[in-house]
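Descriptive structure summary
Here is how the chains run, residue by residue.
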Amino acid sequence: MPHRPVAFVLASLLVLSACGSDPGESGGKQDITVWLMKDSATDDFVSRFETEFERDHPELDLKIQVQEWNGITQKVTSALASTDPPDVIEVGNTQVAQYASSEGVTDLSAKVGELGGDDWIPGLAEPGAVGGKQFGIPFYAANRVVIYRKDLFAAAGVTPPTTRDEWLAATAELDEGDTQGIYLPGQNWYVLSGFVWDEGGDLARQDGDEWSGALGTPEALAGADFYRRLQALGDGPKDSDEAKPQQTDVVAGGEVAQFIAVPGAAELVAKANPALADQLGFFPIPGKTAATPGAVFTGGSDLIIPLASPRQDGAYQVVKALAGEKWQVELAKAMNYVPNRTSLASAVGDDPGAVAMAAGAVNGRATPNSPNWAAVEARNPIKEFLTAVLTGADPATAAAEADKVITQALNSGA
């Protein structure tokens, strides 16, 4: 659905003001509708937030509606084009640029200081900013860590590494007999992204209004080479990703010393093989030096306010509360998420998986901030590039082929 011109939206707001009515008013209170995604928060968290928010804002009546991820892109796009959308919408952090391109999202740049923007983790803050304006306000984050077998590490006489070189050496020690030093499928491009960022590279780069694939740069090729060296210390398939087969099922088989995933994957391994429940530990993906953990892809959500909402002030109060310290701490504890601020990393408590995830989040990044990035993932030449590198193809040639696809996808419609 095409978006409404800004002039149309402003005219609609003027009409509402002149008539003295607000479609969101009922019983003397103003209704504020919030879309949160399924499984982003527990029912208890949502219930407590509603109760306390309405207590602190007696003039507002909060209506939280849980949405399914399936089909959400079109649903949000349609909502942003309507004249009476929900007032606050949770969106994936890498989707902000796509929605902002519709010109239907409120610019919240003036609120960044008040919301603690100087302390936001980069992997949420950066994709929320488009064209120098902050449209998405960080809500929560999650990122990958290394999940390892404590018993196998101890038997091999190695400890969790803190640098890439230590990681390679330890993994080589572990990769003996029937034990895989690491299970790393050949097409885990999220992991590759971190290695590329550590080298100072990126998946794509922007020059003015034009984008170009960047896998052929020396930095990206160095990241791919480290991936190749690490992947060789296990028996992961070179031509599929972590879902084919499910890597947690492989690890549950008992012959894998470590793998890379979000901390919750450990629960799936333990469910499939209860004997491993007490043997799984966590550490941040190592960086090039011990001073900084490895770069990681930051998944998670931002909060946006549709420009067409006539309840901008009320919507902002919801965003301010959800992004504020109190509810960030509550959400982190309830869901084992990383809070949106680096200074709140300790809020995850003593859960070892969450602690490792929070440590890595300080060096979190997101995919290139283009509204067309979804087209790259749909085709995903990065996976094919990785397979080519791992099966002996010339890396520069494979990168050039992938970069052509990335460049075309990112510049479509530009």
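Sequence positions are assigned chain by chain, starting from 1 and proceeding in written order. Restriction of local features to residues with pLDDT of at least 70 applies here, the model being predicted, together with a cutoff of 80 or more for giving and counting side-chain atom pairs; totals for whole chains, interfaces and linings are based on all residues. Remark: hydrogens and water are excluded; side-chain values derive from all non-hydrogen atoms of the structure.

As a reminder, the rule being used: UniProt positions are given in the numbering used here, feature names are shortened, and annotations may be inferred rather than shown by experiment.
The protein chain carries the name N,N'-diacetylchitobiose transport system substrate-binding protein in an unreviewed UniProt entry, which gives Saccharothrix texasensis as its organism. Its UniProt record gives the protein chain the following Sequence similarities (unreviewed entry) comment, quoted word for word: "Belongs to the bacterial solute-binding protein 1 family."

1. A word on the layout of surface pockets
This is how the line gets drawn: Cavity and pocket criteria rest on a 1 Å grid covering protein atoms alone: a 1.4 Å probe that fits but cannot get out defines a cavity, protein on both sides within 12 Å along at least 5 of 7 lines defines an open pocket, and an atom within 4 Å of a point defines a lining residue. Grid points are joined across faces, edges and corners, and a volume is the space filled by probe spheres set on the points. Only DSSP runs of H or I covering at least 4 residues are called helices, and only runs of E covering at least 2 are called strands; the numbering of each starts at the N terminus. Each residue gets one label: Ala, Val, Leu, Ile, Met, Phe, Trp, Tyr, Cys and Pro are nonpolar, Asp, Glu, Lys and Arg are charged, and the others, such as Gly, are polar. Delimitation of the domains relies on an automatic or database domain assignment.
Of the volumes computed, that of the largest pocket is approximately 1100 Å³. If you trace the largest pocket, you find 42 residues lining it, with A142, R144, F297, G299 and G300 closest to the centre. At the level of elements, β7 (137-143), α8 (189-198), α11 (265-272), β12 (280-283), β13 (296-304), α14 (352-361) and α15 (373-379) are the ones that each hand at least two residues to the lining of the largest pocket. Counted by class, the lining of the largest pocket contains 20 nonpolar, 15 polar and 7 charged residues. When we break the lining of the largest pocket down by domain, the ones giving at least three residues each are domain 1 (30-143 + 299-365) and domain 2 (145-297 + 370-411).

2. Some details on the confidence of the model for the protein chain
Our working definition: Per residue, pLDDT measures the predictor's confidence, with a range of 0 to 100. It only takes one pair of heavy atoms within 4.5 Å for two residues to be counted as in contact.
Summarising the model, the protein chain shows a mean pLDDT of 92, and 93% of its residues fall at 70 or more. pLDDT under 50 marks residues 1-21. Its contacts with residues more than four places away, or in other chains, come to 23 contacts.

3. Regarding the packing of aromatic side chains
Here a ring pair, both rings aromatic, is described through the centre-centre distance and the interplanar angle of the planes. Here is the rule we go by: Each Phe, Tyr or Trp ring (for Trp, its six-membered ring) is paired with any other whose centre lies within 6.5 Å, and the angle between the two planes then decides the class: stacked below 30 degrees, edge-to-face above 60, tilted in between. Working definition: with a 1.4 Å probe on protein chains only, accessible area under 20% of the residue-type maximum means buried, over 50% means exposed, and in between means partly exposed. Consider the ring centre and the ring normal. A charge sits over the ring if Lys NZ or Arg CZ is within 6 Å of that centre and within 35 degrees of that normal.
Under the criterion given, the structure shown has 16 aromatic pairs. Look at F195 and Y227: their rings are 6.2 Å apart centre to centre, the planes differ by 65°, and that puts the pair in the edge-to-face class. Note that F195 is positioned in helix α8 and Y227 in helix α9 (residues 218-231), a separation of 32 residues in sequence. Here F195 and Y227 have matching classes, each one buried. Across the ring face of W35, the terminal group of K75 is positioned such that the distance to the ring centre comes to 5.2 Å.

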